[in-house]
Every structure is written in C-alpha cells, then in structure tokens.
Amino acid sequence: MNKEQLYELSFHLIAHSGNARSLAMEAIQACKKGNFDLAFEKLEEADKEFVKAHRFQTELIQKEAGGEKYDLPIILVHAQDHLMTAMTVKDLAAEIVEIYQHTKKV
C-alpha cells in the first residue's frame, strides 16, 4: 500500500468515525427529548458506521500481518485517534440512553 492509499484509508477512517460519533451524540439528544426509539435507531446507525471504519482498519492490519511494511503517515495515527474517541463516545451514549430510559420509567 503506497502513501496515497494510506491517506485515502485514513480519510475513510476519519469520515466513518466522525459519522458514528455524530450519530451517538444525536442519540443522546433524542433520549433527552424522550424519543428512545430514535435514540436506539441512531445508536444502530452509529454501529453501522463503525463496521465500515473497521473494514478499513482490518484491511491495513491484515496487510501488515501479511508482511507489508509501511511508513505510517501522521494522518493515519490521527484517524486511529478519531476511531477510538468515537467508540468511547458511542459507548457512553448507549449508557446515557439507558439511564434516561430507566429514569423515565421510575
């Protein structure tokens, strides 16, 4: 994989991670308004974005495991940071939605 391909992969990771993070935040906003169906729908959409991001990440990992050597561009490190941050936000959003849902029932 050449440097241009690594950049392209990085931008895909950033885009899908950003989409997932935004959807997770939308889930929180929906549950704050009492719309739990929409909140869970947004969390499911976020999961779909993570699947897309993970495909790009897995491709890179598999190629490296297969012997390819890379000069890692900083943008790829940045993309990985985006992915991990988005995953954390999504996990927290799921917990927040559940807490809101529980408190509405009480």
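Quick note: structure is the one above.
From a predicted model like this one, the values you see are computed outputs, not experimental measurements.

**Considerations on the packing of helix α1 (residues 3–32) against helix α3 (residues 74–105)**
- Orientation of α1 relative to α3, taken along the N-to-C sense of each, is 15°, at an axis distance of 8 Å. Judged by the inter-axis angle, α1 sits roughly parallel to α3. Crossing handedness for the pair α1 and α3: left-handed.
- Partitioning the contact of α1 with α3 into residue classes produces 21 nonpolar, five polar and three charged.

**Focus on helix α2 (residues 36–65)**
- Taking 1.5 Å of rise per residue, the 30 residues of α2 would be expected to cover 44 Å, and the 42 Å separating its terminal C-alpha atoms lies within 8% of that figure.
- For α2, the set of buried residues is Phe 36, Ala 39, Lys 42, Leu 43, Ala 46, Glu 49, Phe 50, Ala 53, Gln 57 and Leu 60.
- Contacts made by the buried residues of α2 are with α1 and α3.
- Trailing α2 by a residue or two, Gly 67 shows a phi angle of about 115°, which is positive.

**Details of the packing of aromatic side chains**
- Evaluated as defined, the whole model comprises one aromatic pair.
- Centroid distance Tyr 7 to Phe 11: 6.5 Å. Interplanar angle 70°. Geometry classified as edge-to-face. A residue pair is termed a helical-turn pair when its members lie 3 or 4 positions apart in one helix, as Tyr 7 and Phe 11 do in helix α1 at four residues.
- Relative accessible area serves as the criterion here: at 46%, Phe 11 is assigned to the partly exposed category.

**Looking at the nonpolar core**
- Judged by nonpolar contacts, the single largest core of 15 residues is most densely connected at Leu 6, Leu 9, Leu 13, Phe 50, Leu 60, Leu 76 and Leu 83.
- If you list the elements that add at least two residues to this core, you get α1, α2 and α3.
- With six residues, the single largest contributor to this core is α1.
- Among the nonpolar cores identified, the runner-up in size contains twelve residues, and Ala 27, Cys 31, Phe 36 and Val 97 belong to it.

**Re the side chain of Ser 17**
- For Ser 17, the location among the structural elements is in helix α1.
- Residue Ser 17 is classed as buried on the basis of its relative accessible area, which comes to 1%.
- One polar contact links the side chain of Ser 17 to the main-chain carbonyl oxygen of Leu 13, over a distance of 2.7 Å.
- The contact partners of Ser 17, leaving out residues within four places of it in the chain, are Ala 53, His 82, Leu 83 and Ala 86.

Basis of the calculations
Residues numbered from 1 in each chain as written. Predicted model: local features only at pLDDT ≥ 70, side-chain atom pairs only at ≥ 80, totals over all residues. Heavy atoms only, no water. Axes fitted to C-alpha atoms, helices over the stretch in contact; angles between N-to-C directions. Helix = DSSP H or I, 4+ residues; strand = E, 2+ residues; numbered from the N terminus. Parallel < 35°, antiparallel > 145°, perpendicular 65-115°, else oblique. Left-handed = near helix turned anticlockwise from the far one by under 90°. Nonpolar A, V, L, I, M, F, W, Y, C, P; charged D, E, K, R; others polar. Expected span 1.5 Å × (residues − 1). Buried < 20%, exposed > 50% of the residue type's maximum accessible area, 1.4 Å probe, protein only. Contact = heavy atoms within 4.5 Å. Phe/Tyr/Trp six-rings, centres within 6.5 Å; stacked < 30°, edge-to-face > 60°. Core = buried A, V, L, I, M, F, W, Y, C linked by side-chain atoms within 4.5 Å. Polar contact = N/O pair within 3.5 Å; in protein donor to acceptor, adjacent residues only side chain to side chain.

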